[in-house]
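# Observations on the model geometry
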Amino acid sequence: MSLELDYTQAYGSARSCVMGRNMVACSQPLAAQAGMTMLQQGGNAVDAAIAAAMVLTVVEPTGCGIGSDAFAVVWDGQRLQGLNASGRAPAGWHPEHFAGRDHIPERGWDSVTVPGAVSSWVALSERYGNLPFARLAEPAIGYARDGFQVTPVIARLWQQGAKLLKDQPGFAECFMPGGRAPQAGERVVLADHARTLELIAETRGEAFYRGALAEAIAAHAKANGALMSLDDLAKHTVDWIDTISVRYAGAVVHELPPNGQGIATLSALGMLEELGVGTDPVDSPETLHQALEAMKLALADVREHVADLTHMRVTPEQLLAPGYLRQRAALIASEAADPGHGDPQRGGTVYLSTADEDGMMVSFIQSNYMGFGSGVVVPGTGISLQNRGAGFSLDAGHVNCVAPGKRPFHTLIPGFVMNADGTPLMSFGLMGGPMQAQGHTQMMLRILRYGQNPQAAIDAPRWRIEKGRTVAVEDAFDPHTLDELRRLGHDLKVERDRSSFGGAQIIVRTEHGYVGGSESRKDGQVVAC
C-alpha cells in the first residue's frame, strides 16, 4: 500500500507537518528535545522514547510519574513487538478488602496497583537500547535537579489537581512548594525526584522493585494502612506480547490485547469496513453518524468482556472475528441508538512516538491515570503513584472484578499501523482516558480512509461518546452537521474547551522519510533531523 497524504491544513491550524529522517513526537517540548538528544548521541528510537518518558515524569507530572504504568509497541526493523508493563493488584486485594463499597476508591492508597513504568524503561533498554541506561536518565535528572518552567497547560492542570489532592499523603510536600501549585512560567525544582531517578539509573530499576525505593514505598503503604508490600513490588514482571489487529482501508491496524481498551478501536474500524464507510465526506453527518454508532457498539462490548486477559471469558479473536463484526455492524441503523453488548461465540496520560533513520519506530504511553493519579506521593522520593486500581469492578460476577495479582482494565493503548506488505506505516496514539480508543478510531478513519496528513487529522474536531445517545463534540464542527446529527437522534453537548478531547502524536513513514504531527490542544511538539 502507498498511502497518499493530503498536505492541506484543512482545519485552520498554525501548525504544519514536520518531516525528517529521525523524529520524536511528544506532548511536551523539553521531553521531545531530550529524545532527539539521544538520537544525536548515537541512540535509537527506543533510547529516545525512554529519555522522553523519563523527562515527562518531571515536566508533566499532571499526567504521569515515576509511579505510573506503561505500554509500548516497537517495530525493531524485523517484527512488531508489544510490551505490557502494567502492574497487578496487591496480594491482599481480595474483594472482602473493599466490603461496604460500591466501587474501588479513585484516590488514596486503596487505588494503587504495583507501578510498572520503571520496569518498562528497563525492559525496553535491555532488549533494544544502544545507549547506557544511565545516560537516558540524564536529561530528566537535570530538569528535576536544576528546575524547569511550568507551561500554561500544565500549570492549569496542576492547580486543578492540587485543589483535589492536597490532603493525600505526601502530595502537598512534593507538588505544592510554598503551600500552593506553581503558576505558569514559574521555575520548579523537584530535588527528591532527581535523587530517585539517579538511583533508578544506577541500579537499572532494581532499587524501585527490590531495594531502597521499594522499602520506602512499602513503608509508606504500611504507615497509611495500605496493603502494598515489598513482596508485591518484587514479584512485578513485564510481558512481551504479540499485538492484535484488523485490516482496514488497505492497511493493518494494530493494538495491544487486553487488559487495555485497544480492541475497541479495532472493533469499530472492523464495523466501518463492513459498512463501506468512506464514500461521503469525512466530516459529513453520514460518516460521523456511522462512526459514532460503531464506536458505541465496540465500547459496549469492551465494558462487558474486557479484563486481564487471563480472566476473560471470550478471546480477542472472538471479539474481532469477521462474522461477529458483521453481525454487530448490521445493528447500525439510520438513527442513534443506545446499544448493549454482544455475545460472541465462546471458544491525566502522556503518549509519545519516536522513529529513527534505521527504521525503528516506537509507540509508547505511560500514565498515572486521573491527573496526578492516586494523589499519593512517597515522602522524600518524588514517587507519585497511579490509581489504576480504580479500573477494577466490585461486581463479583464481572470478568474485571478485583482479585489479588490481577491486572485491572486499562485505558492505556499505544497504536501502530502496518502496510499490507508487512512494512511499517505509522506509530500513533492519543492520551485521554476513555477518549483513547475513540480518538484512535477517528484518526485512523481520517488518515487511512481519507488520506489526511497527521497534523490535519490531529487538528480536526473530535467527538466523545458519553452515555446512551449523549455525545460531546467540539464546537469546531460545522453547525449544519451538528443539526443533522441531532435530527438523527444524537444528544449533543457542544464544548468550547478542547482539553477533554485527548492529546495525539503521530509519525507516518513514507518512501522519503517520516512525517509527524503533534497535539495542538496540548504543549505537543515534533522535532526532527
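Residues numbered from 1 in each chain as written. Predicted model: local features only at pLDDT ≥ 70, side-chain atom pairs only at ≥ 80, totals over all residues. Heavy atoms only, no water.

The name given to the chain in an unreviewed UniProt entry is Gamma-glutamyltransferase, with the source organism recorded as Stutzerimonas nosocomialis.

## Looking at helix 1 (residues 29-40)
With 12 residues, helix 1 extends 16 Å between its outermost C-alpha atoms, agreeing within 8% with the 16 Å of an ideal straight helix rising 1.5 Å per residue. Here helix 1 has its buried residues at Ala31, Ala32, Ala34, Gly35, Met36, Met38 and Leu39. Those residues of helix 1 that are buried lie in contact with strand 2 (23-26), helix 2 (45-59), helix 4 (133-136), helix 5 (138-146), strand 10 (349-355) and strand 21 (525-528). Where helix 1 begins, one side-chain oxygen reaches toward the backbone nitrogen of Leu30, 2.7 Å away; that side chain belongs to Gln28. (Helix = DSSP H or I, 4+ residues; strand = E, 2+ residues; numbered from the N terminus. Expected span 1.5 Å × (residues − 1). Buried < 20%, exposed > 50% of the residue type's maximum accessible area, 1.4 Å probe, protein only. Contact = heavy atoms within 4.5 Å. Polar contact = N/O pair within 3.5 Å; in protein donor to acceptor, adjacent residues only side chain to side chain.)

## Topic: the nonpolar core
The biggest cluster of nonpolar side chains holds 84 residues, and the ones touching the most others in it are Trp109, Trp121, Leu124, Trp158, Phe208 and Phe364. What Phe208 contacts, discounting residues up to four positions off in sequence, is Ile66, Pro115, Val118, Ile200, Leu213, Ala214, Ile217 and Ile383. (Core = buried A, V, L, I, M, F, W, Y, C linked by side-chain atoms within 4.5 Å.)

## Some words on the domain arrangement of the chain
By domain assignment, the chain separates into domain 1 (18-67 + 79-86 + 103-237 + 374-388) and domain 2 (241-347 + 412-528). With centres defined by C-alpha atoms, the gap from domain 1 to domain 2 works out at 28 Å. Contacts between domain 1 and domain 2 engage 27 residues on the former and 26 residues on the latter. Of the roughly 2200 Å² buried at the junction of domain 1 and domain 2 (both faces included), carbon and sulfur atoms supply 57%. Contact with domain 2 buries area across many residues of domain 1, yet Val18, Met23 and Leu80 alone supply 26% of it, more than any other trio. Inspection of the domain 1/domain 2 interface yields one salt bridge. (Domains from an automatic or database assignment. Buried area = accessible area lost by both parts, 1.4 Å probe. Salt bridge = Lys/Arg side-chain N within 4 Å of Asp/Glu carboxyl O.)

## Quick word on unusual backbone geometry
Phi is positive for Arg204, which is not a glycine, with a value near 50°. Relative to the elements of secondary structure, Arg204 occurs in the loop between helix 8 (191-203) and helix 9 (206-210). Overall, the relative accessible area of 34% leaves Arg204 in the partly exposed class. With a phi close to 85°, Tyr369 is a non-glycine residue in the positive phi region.

## As for the environment of Met36
Position of Met36 among the secondary structure elements: in helix 1. Among the residues examined, Met36 registers a relative accessible area of 6% and is labelled buried. Expressed as a C-alpha distance, the spacing of Met36 and Leu309, which sit 273 residues apart in the sequence, is 35 Å. Dropping the residues within four chain positions of it, Met36 is found in contact with Asn22, Met23, Val24, Val527, Ala528 and Cys529.

## Quick look at the packing of aromatic side chains
Under the defined criterion, the tally for this structure stands at nine aromatic pairs. Taking 5.8 Å as the distance between ring centres and 80° as the angle between the ring planes, the aromatic pair formed by Tyr128 and Trp240 counts as edge-to-face. With Tyr128 in helix 3 (residues 117-128) and Trp240 in strand 7 (residues 239-241), the pair connects residues that are 112 residues apart, well separated along the chain. Its relative accessible area of 25% is what places Trp240 among the partly exposed residues. The ring of Phe501 is capped by Arg464, whose NZ or CZ atom sits 4.7 Å from the centre of that ring. (Phe/Tyr/Trp six-rings, centres within 6.5 Å; stacked < 30°, edge-to-face > 60°. Lys NZ or Arg CZ within 6 Å of the ring centre and 35° of its normal.)

## Focus: the side chain of Gln28
Following the sequence through the fold, Gln28 ends up in the loop between strand 2 and helix 1. Judged by relative accessible area, Gln28 falls into the buried class, the value being 2%. Here the side chain of Gln28 touches Leu30 through a polar contact of 2.7 Å, landing on its backbone nitrogen. Beyond its immediate chain neighbours, meaning those up to four positions away, Gln28 contacts Leu56, Val59, Glu60, Thr151, Asp523 and Gly524.

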